[in-house]
Amino acid sequence: MNTNRLETFADGVFAIAATLLILNVDAQVAEDVSDLGGQLLRIWPSYAAYAVTFFTIGIVWVNHHTVMSQIDRADRVFLFLNIGFLMFVAFAPFPTRLIAEHIIRGEGARAATLTYGITLVLMAVLFNALWLYASVGARLLRPDHDPSVVKGITRSYRLGLPMYLAATLISIVSPTVGAILFAAIAALYILESSLFGRTKQSG
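Residues numbered from 1 in each chain as written. Predicted model: local features only at pLDDT ≥ 70, side-chain atom pairs only at ≥ 80, totals over all residues. Heavy atoms only, no water.

(A) Molecular detail of the overall build of the chain. Assigned secondary structure in the chain consists of nine helices and zero strands. Here the chain has a C-alpha radius of gyration of 18 Å; the compact-globule value for 203 residues is 17 Å, and the two agree. If you line up the chain on its principal axes, its C-alpha atoms span 65 × 35 × 30 Å. Scored against the burial criterion, the 203 residues of the chain give a buried share of 42%. Within the chain, contacts between residues separated by at least 24 positions form 75% of all contacts whose residues are at least 6 apart in sequence. As displayed, the chain has an accessible area near 10900 Å², and 67% of this comes from carbon and sulfur atoms. (Helix = DSSP H or I, 4+ residues; strand = E, 2+ residues; numbered from the N terminus. Rg over C-alpha atoms; globule rule 2.2 N^0.38 Å. Buried < 20%, exposed > 50% of the residue type's maximum accessible area, 1.4 Å probe, protein only. Contact = heavy atoms within 4.5 Å. Areas by Shrake-Rupley, 256 points an atom, 1.4 Å probe, with all protein chains shown as cover.)

(B) Summary view of the nonpolar core. Core analysis: the biggest nonpolar cluster contains 51 residues, and Phe 14, Val 67, Ile 71, Phe 78, Phe 85 and Met 123 have the highest contact counts within it. For this core, the secondary-structure elements that each account for two or more residues are helix H1 (4-26), helix H3 (44-69), helix H4 (76-91), helix H5 (93-102), helix H6 (109-135), helix H7 (147-158), helix H8 (160-173) and helix H9 (175-202). Ranked by residues supplied to this core, first place goes to H6 with twelve residues. Excluding residues within four positions of it along the chain, Met 123 makes contact with Val 60, Phe 85, Phe 88, Val 89 and Ala 92. (Core = buried A, V, L, I, M, F, W, Y, C linked by side-chain atoms within 4.5 Å.)

(C) The arrangement of empty space enclosed by the protein in detail. Scanning the entire structure with this criterion turns up two cavities of 30 Å³ or more. Taken together, 16 residues make up the lining of the largest cavity; nearest its centre are Val 60, Asn 63, Ala 124, Tyr 164 and Tyr 189. Of all the secondary-structure elements, those providing two or more residues to the lining of the largest cavity are H3, H6, H8 and H9. Ranked by residue count, the leading element in the lining of the largest cavity is H6, at five residues. A class-by-class count of the residues in the lining of the largest cavity yields twelve nonpolar, four polar and no charged. Considering only enclosed or pocket space, the second largest cavity measures out at about 50 Å³ in volume. In terms of lining, the second largest cavity is formed by Leu 21, Asn 24, Val 25, Gln 28, Ser 46, Tyr 50, Thr 96, Arg 97 and Ala 100. (1 Å grid on protein atoms, 1.4 Å probe; cavity = no way out; pocket = protein on both sides within 12 Å on 5 of 7 lines; lining within 4 Å. Points joined across faces, edges and corners; volume = space filled by probe spheres on them. Nonpolar A, V, L, I, M, F, W, Y, C, P; charged D, E, K, R; others polar.)

(D) Spotlight on the layout of surface pockets. Each pocket or cavity is described by its volume, and for the largest pocket that value is around 260 Å³. For the largest pocket, the lining is made up of 15 residues, of which Ala 48, Ala 49, Ile 99, Ile 103 and Ala 179 are closest to its centre. Those elements giving two or more residues to the lining of the largest pocket turn out to be H3 and H9. No other element matches H3, which puts six residues into the lining of the largest pocket. Classifying every residue of the lining of the largest pocket gives 13 nonpolar, two polar and no charged.

Keep in mind these numbers describe shape, not what the thing actually does.
Shown next as structure tokens:
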């Protein structure tokens, strides 16, 4: 079967997940607050968590688009791998809210950061699984796929899982450092994706 319906479904999940993030920020503002300006400053972790996760979801969306551009068809295994992957994309706003609410309070910060990290680790596991399932032996790839591009994608995506896992483990010792590392990984992938895209266009 072709991938049109899968791509439409995936785009919808990404859009909903990204939109739900702002509701987490909105929920931090009380309706009867007397000092609105002060509260808007106090909830800065919500802005930071929103930005990091929004960019992370955006990066994953770009990478998913890159994967789908190399796919010729989808079978049931590939569809279910995508469903599992998208389940964690849709789940991402929940641990984002946990981090925003607990990261500077101390109490609950470790549990919040671990929940966030585990979500990203599982997302990376399933993303790599769906790509490897499709690409190994060119099982689902387009007949005219570029082997160098396929190798570049595999090499690029391989780094995500150990980085997220390392940041998650560090969160056990220091939730703050773990949260900073998640932001750094997002920034690294933005830079890497831009450079990889430029190389691919010039190659």
